[in-house]
Amino acid sequence: MADRKDALSLVRPHLLALNGYEAVEPPEALAERAGIPASQVVKLDANENPYGPSPKVAAALTNLRTHLYPDPAQVAARRAVSAYIGLPPEHIVVGSGSDEIIDLAFRSVLDPGDAVVNCTPTFGMYVFTAHVCGATTIDVERDQLFAIDVDRMLIAAKDTSVKIIVVASPNNPSGNATPVSDLRRLLDSDCLVIVDEAYVEFGAESVTPLVAEYPNLLVLRTLSKWGGLAGLRVGYGLMAPELAELLMRAKLPYNVNQAAEAALLASLEDTATLNTRARQIVAERGRMFDALAGLPGLDPLPSDTNFILCQVPDGRGKAVYESLAAQGVFVRYYARGKLADYLRISIGTENNTDRLIAALRTTLAA
Ligand SMILES: *Cc1c(COP(=O)(O)O)cnc(C)c1O
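Residues numbered from 1 in each chain as written. Predicted model: local features only at pLDDT ≥ 70, side-chain atom pairs only at ≥ 80, totals over all residues. Heavy atoms only, no water.

Enquirer: Quick question: what am I supposed to make of the overall build of the protein here?
Expert: Check the secondary structure of the protein and you find 13 helices and 12 strands. Rg of the C-alpha trace for the protein: 21 Å, near the compact-globule value of 21 Å for 366 residues, within the 12% margin. Counting only C-alpha atoms and orienting by the principal axes, one finds that the protein spans roughly 65 × 55 × 50 Å. Split into buried and exposed, the 366 residues of the protein put 52% on the buried side. As displayed, the protein has an accessible area near 16600 Å², and 54% of this comes from carbon and sulfur atoms. (Helix = DSSP H or I, 4+ residues; strand = E, 2+ residues; numbered from the N terminus. Rg over C-alpha atoms; globule rule 2.2 N^0.38 Å. Buried < 20%, exposed > 50% of the residue type's maximum accessible area, 1.4 Å probe, protein only. Areas by Shrake-Rupley, 256 points an atom, 1.4 Å probe, with all protein chains shown as cover.)

Enquirer: How should I be thinking about the site of the ligand in this particular structure?
Expert: Close contacts around the ligand come from 13 residues, with Asp 196, Tyr 199, Thr 222, Ser 224 and Lys 225 the closest. In the environment of the ligand, an oxygen atom lies 2.6 Å from a nitrogen or oxygen atom belonging to the side chain of Ser 224. With respect to the ligand, the side chain of Arg 233 contributes an N or O atom lying 2.6 Å from an oxygen atom. Protein chains shield 94% of the accessible area of the ligand, which is 390 Å² for the free molecule. Residues of the shell around the ligand, tallied by class, amount to 4 nonpolar, 5 polar and 4 charged. (Near = heavy atom within 4 Å. Polar contact = N/O pair within 3.5 Å; in protein donor to acceptor, adjacent residues only side chain to side chain. Nonpolar A, V, L, I, M, F, W, Y, C, P; charged D, E, K, R; others polar.)

Enquirer: When you look at the packing of aromatic side chains in this model, what are you seeing that I'm missing?
Expert: Two aromatic rings are characterised by how far apart their centres lie and by the angle between their planes. Scanning all chains against the criterion turns up 8 aromatic pairs. With a centroid separation of 5.5 Å and 75 degrees between ring planes, the pair formed by Phe 123 and Tyr 126 is classed as edge-to-face. Residue Phe 123 shares its accessibility class with Tyr 126, and that shared class is buried. Between Phe 146 and Tyr 342, the ring centres sit 5.9 Å apart and the planes meet at 80 degrees, which makes this aromatic pair edge-to-face. Linking Phe 146 in the loop between β4 (136–139) and α7 (150–156) with Tyr 342 in strand β12 (residues 342–346), this pair joins segments that are 196 residues apart in sequence. Since its relative accessible area comes to 0%, Phe 146 is described here as buried. Clustering of aromatic rings is evident, with ring pairs tying together Tyr 21, Phe 123, Tyr 126 and Phe 128. Positioned above the aromatic ring of Phe 307 is the side chain of Arg 344, whose terminal nitrogen or guanidinium carbon lies 5.7 Å from the ring centre. (Phe/Tyr/Trp six-rings, centres within 6.5 Å; stacked < 30°, edge-to-face > 60°. Lys NZ or Arg CZ within 6 Å of the ring centre and 35° of its normal.)

Enquirer: Looking at this structure, I do not really get unusual backbone geometry. What am I missing?
Expert: For residues that are not glycine, phi is negative in most cases, and the peptide bond is trans in most cases. Going from Ser 169 to Pro 170, the amide bond is cis rather than trans, its omega being 0 degrees. With respect to the helices and strands, Pro 170 occurs in the loop between β5 (162–168) and α8 (180–187). Even without being glycine, Asn 47 reaches a positive phi, approximately 55 degrees. In this fold, Asn 47 is placed in the loop between β1 (42–44) and α3 (55–60). Look at Asn 47 and you get buried, because its relative accessible area is 1%. A positive phi angle, near 55 degrees, is found at Gln 74, a position not held by glycine.

Enquirer: Would you mind going over the sheet that holds strand β8 (residues 235–238) with me for this structure?
Expert: Pairing is mixed across the open sheet formed by 7 strands, whose spatial order is β2-β8-β7-β6-β5-β3-β4. In the strand order of this sheet, the two ends are held by β2 (92–95) and β4, each with one partner. Looking at each pair of strands side by side, their axes are set apart by 25 degrees on average, direction ignored. Across 4 bridges, the pairing between strand β7 (residues 217–222) and β8 is antiparallel. Across the sheet, the residue bridging to Thr 222 is Gly 235, located in β8. Along the sheet, helix α5 (residues 98–109) makes contact with β2, β3 (115–118), β5, β6 (192–196), β7 and β8, crossing β7 at roughly 155 degrees. In this fold helix α6 (residues 125–132) packs onto β3, β4, β5 and β6, with an angle of close to 145 degrees to the strand it touches most, β4. (Pairing = 2+ DSSP bridges. Axes fitted to C-alpha atoms, helices over the stretch in contact; angles between N-to-C directions. Contact = heavy atoms within 4.5 Å.)

Enquirer: Sorry if this is basic, but what is going on with the side chain of Gln 258 here?
Expert: Counting through the fold element by element, Gln 258 comes out in helix α10 (residues 258–268). Taking the relative accessible area as the measure of exposure, Gln 258 reaches 17% and is therefore buried. Beyond its immediate stretch of four places on either side in the chain, Gln 258 contacts Leu 64, Arg 65, Thr 66, Leu 68, Tyr 69 and Pro 70.

Enquirer: For this particular structure, what's the right way to read the domain arrangement of the protein?
Expert: A common way to state how big an interface is: give the accessible area lost once the parts meet. Taken domain by domain, the protein comprises domain 1 (13–51 + 272–365) and domain 2 (55–270). Summarising the inter-unit geometry, the C-alpha centres of domain 1 and domain 2 are found 24 Å apart. The interface of domain 1 with domain 2 comprises 32 residues on the first partner and 35 residues on the second. Between domain 1 and domain 2 lies a buried interface of about 2500 Å² when both sides are counted; carbon and sulfur atoms form 62% of it. When residues of domain 1 are sorted by the area they lose upon contact with domain 2, Tyr 21, Leu 274 and Lys 338 head the list and together hold 26% of the total. At the junction of domain 1 and domain 2, the tally comes to 1 salt bridge. (Domains from an automatic or database assignment. Buried area = accessible area lost by both parts, 1.4 Å probe. Salt bridge = Lys/Arg side-chain N within 4 Å of Asp/Glu carboxyl O.)

Enquirer: Looking at this structure, how should I read the state of the cysteines?
Expert: Disulfide: a covalent bond connecting the sulfur atoms of a pair of cysteines. This structure, assessed with the given rule, holds 0 disulfides. You can see Cys 191 has no disulfide; the closest cysteine sulfur is in Cys 119, sitting 12 Å from it. Look at Cys 191 and you get buried, because its relative accessible area is 3%. (Disulfide = S-S within 2.5 Å.)

Right, here's the structure in full:
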């Protein structure tokens, strides 16, 4: 028999060393780990919306023509986003989550060996996607209060390998927004500047008014958080029409499935409900902040989002995380680096907050 090649012998070498994205586990897996029914899990680990989607979404999902392909030109979806954002449809590209727009933009811009200026700690998708492209990130650390360091980012961006600067504003996991004046300074560079506004509906200032002014600006938005549609995967990018036209040509033709499109349209017809819920989440964030600050040794950071990053006593991050998990309360824990003493806790319902605080009291008293 002829010698068979190894299955990976033709794979691009940099991919052999790829670290997969560290995604969160589904509720059933968490329930099994805690030994409780899934209905009793308090899931505050992925910034999901505790109220779910707009009630109009369920109705919209009953009338799909699932035997037909979805619209590759995204005419209805782009029109609806246009009406919501106030930019013409030519500026808009819809994706299977904003993750897909990150993937599309990076694939369209980065050659192997190119680099992305990234301000850490931040959302892990930027490093992951850069690596898939064979590119690297130049990590410019945020300061003690998690503000970006514009001067150092601009110096890093002078390297000819740098094609993209990416800033999540508000940032995940720190929760703080970047002032628009800082983003304008980054936009004066020669790079594509991606501003990820996944959490902007919870109260931060948006840079969407700058899209018409800066051809190198790409703003990312998603229905995953504010819209309660994380499970259906729909987000969009706002950018110069020339770049949008390129991404429309470079994307998979049927990237937004019919269910995602219908849910997007229904959501944007019901922004009043979604905004009311966002205000409830912001109010609950204030209550959770005060409750966390009132517990011994905990130091929550102010947040512009639907989560709070909270410092725990020295070296106890993992122990606190595990104790909460054993009590059925799941938050996001970071094993490595500067965040090892922090937990990121999503804002849920009032009842979720009460369960969290009770579990933390038990944990910290032990
Ligand atoms: C949750 C999140 C997203 C959302 O990604 P989707 O693919 O739209 O679900 C994007 N950016 C940041 C910073 C996030 O935290």
